[in-house]
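# Chain and residue survey
One letter stands for each residue in the lines below.
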Amino acid sequence: EIPLFAILISAMENVLLTIISANPYDKPTARHVFRESFKILSLIAFPIFFLLLTAGPEAFSIIFNNKYNASLPVFLISIFIIPVRITHYGVILQCYGQSRKIALGSVLDILFSLLLMFILYPVMGTPGVALAIVVSTYLQAWFYTWQSAKTMKLGTAGMLPGTFLIKFWLSLMALYGLLYWLKKYFNSTASLAIISAVTVVIIITGLARYWTFQRASAKK
């Protein structure tokens, strides 16, 4: 786990709890702020994920002086947990008194991850343990979203800004794919610096555009 995302999700949880708990009967607003949380955190999480995926080997080489290259396969699998770290999935259930479903999701997450570890470790070794955790985390996120949708009497897709997330993801995939191809023209240090700089610009620009759009919408 990257501590940054734990901090961001905790902050988002506090914001969502404050807004939704103020008027729990206003389900349209609860759904809206829940969907917006995906947009805000994805503007940070998605670019960082692609940064680490594209420039992970360079980061290991430069920052750790090639001391931990053996752990690179585990790292490259583990970072796939980042794209799902874009909201606090249990906040709707928490606000509407569904603590049993939150507990059930946690138990299922633990049991499923342990089951996958026993299956994948003999086949893949340590990377299999990382993959088990990633897969179980995605399943837990889906379970909480599904249960939240049932609480709100909506379809699961109705809880997600699907069009925004897909377009943003595909745009980043194309951009970072180009950056990955261009790496062969630069050394490791230059590649890491360029991709990191592009990531910072994307995050700052994305957040600035989001808040500008929100202020413009609020004035209307």
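Just so you know, the residues in each chain are numbered from 1, in the order the chain's sequence is written. Given that this is a predicted model, residues contribute local features only at a pLDDT of at least 70 and side-chain atom pairs are listed and counted only at 80 or more, while totals for whole chains, interfaces and linings are drawn from all residues. Calculated side-chain values reflect all of the structure's heavy atoms, with hydrogen atoms and water omitted.

Secondary structure elements follow DSSP: runs of H or I no shorter than four residues count as helices, runs of E no shorter than two count as strands, and numbering proceeds from the N terminus. Tallying secondary structure elements over the protein gives eight helices and zero strands in all. For the protein, the N- to C-terminal ordering of α and β elements is α-α-α-α-α-α-α-α. C-alpha extents for the protein along the principal axes are approximately 55 × 50 × 25 Å. Burial classification: accessible surface area is computed with a 1.4 Å probe over protein chains only, and a residue below 20% of its type maximum counts as buried, one above 50% as exposed, and the rest as partly exposed. Put simply, the protein has 220 residues, and 40% of those count as buried. Here the contacts in the protein between residues at least 6 apart in sequence split such that 77% fall between residues at least 24 apart. Only the protein chains shown count as cover for residues, and the accessible areas themselves come from Shrake-Rupley with a 1.4 Å probe. For the protein, the exposed surface amounts to about 12,300 Å²; the carbon and sulfur share of it is 70%. Here the positive residues are Lys and Arg and the negative ones are Asp and Glu; neither His nor the chain ends is included. Charge positions are represented by NZ for Lys, CZ for Arg, CG for Asp and CD for Glu. Separation of charge centres in the protein, based on 17 positive and 6 negative side chains, amounts to 8 Å. Residues are treated as being in contact if the distance between any of their heavy atoms lies within 4.5 Å.

Below, the discussion takes up the packing of helix α5 (residues 99–124) against helix α6 (residues 126–151). At a closest axis distance of 7 Å, the pairing of α5 and α6 adopts a crossing angle of 155 degrees. Taken together, the axis directions place α5 and α6 in an arrangement best described as roughly antiparallel. For the crossing formed where α5 meets α6, the hand is right-handed. Basically, the charged four are Asp, Glu, Lys and Arg, the nonpolar ten are Ala, Val, Leu, Ile, Met, Phe, Trp, Tyr, Cys and Pro, and anything else, Gly included, counts as polar. Its residues placed into classes, the contact of α5 with α6 shows 18 nonpolar, ten polar and two charged. Comment: axis = line fitted to C-alpha atoms, over the contacting stretch for helices; angle = value between 0 and 180 degrees taken between N-to-C directions. Here the word oblique covers every angle except those under 35 degrees (roughly parallel), over 145 (roughly antiparallel) and from 65 to 115 (roughly perpendicular). Helix crossings fall into two classes, left-handed where the near helix is turned counterclockwise from the far one by less than a right angle and right-handed where it is turned clockwise.

To continue, consider a nonpolar patch on the surface. Like-charged residues within 9 Å of one another, or nonpolar side chains (Val, Leu, Ile, Met, Phe, Trp, Tyr) within 5 Å, are grouped into patches, provided each residue has over 30% relative accessible area and no salt bridge. Put simply, a salt bridge is a Lys or Arg side-chain nitrogen that is within 4 Å of an Asp or Glu carboxyl oxygen. Judged by side-chain polarity, Phe112, Leu115, Ile119, Val135 and Leu139 come together as a nonpolar surface patch covering roughly 400 Å² of accessible area. Put simply, the parts of the chain that give the nonpolar patch at least two residues each are α5 and α6. Ranked by residues supplied to the nonpolar patch, first place goes to α5 with three residues. Along the chain, Leu115 falls in helix α5.

Next up on the list: the pattern of salt bridges. Scanning the entire structure with this criterion turns up two salt bridges. Put simply, Glu36 and Lys39 hold a salt bridge, and the shortest N to O gap is 3.3 Å. One end of the pair, Glu36, and the other, Lys39, are both in helix α2 (residues 27–63), three residues apart, so they sit about a helical turn from each other.

Let us now look at the packing of aromatic side chains. Aromatic rings from Phe, Tyr and Trp, with only the six-membered ring used for Trp, were paired whenever their centres fell within 6.5 Å, and each pair was classed as stacked if the ring planes differed by under 30 degrees, edge-to-face if by over 60, and tilted otherwise. Under the definition given, this model contains 18 aromatic pairs. Judged by centre distance (5.5 Å) and plane angle (20 degrees), the rings of Phe49 and Trp169 are stacked. In this pair, Phe49 sits in helix α2 while Trp169 sits in helix α7 (residues 162–182), placing the two residues 120 residues apart along the sequence. In this structure an aromatic cluster arises from ring pairing among Phe46, Phe49, Phe50, Phe80, Phe164, Phe168, Trp169 and Tyr176. When the NZ atom of lysine or the CZ atom of arginine is within 6 Å of a ring's centre and also within 35 degrees of its normal, the charge is said to sit over that ring. One Lys or Arg, Lys27, reaches over the ring of Tyr96 and ends 5.6 Å from the middle of that ring.

The next point concerns the side chain of Lys183. With respect to the element layout, Lys183 can be found in the loop between α7 and α8 (188–219). Overall, the relative accessible area of 12% leaves Lys183 in the buried class. Not counting residues within four places of it along the chain, the set of residues in contact with Lys183 comprises Thr54, Glu58, Ser191 and Ile195.

For Lys153, which is not glycine, the phi dihedral falls at a positive 60 degrees. Among the secondary structure elements, Lys153 is positioned in the loop between α6 and α7.

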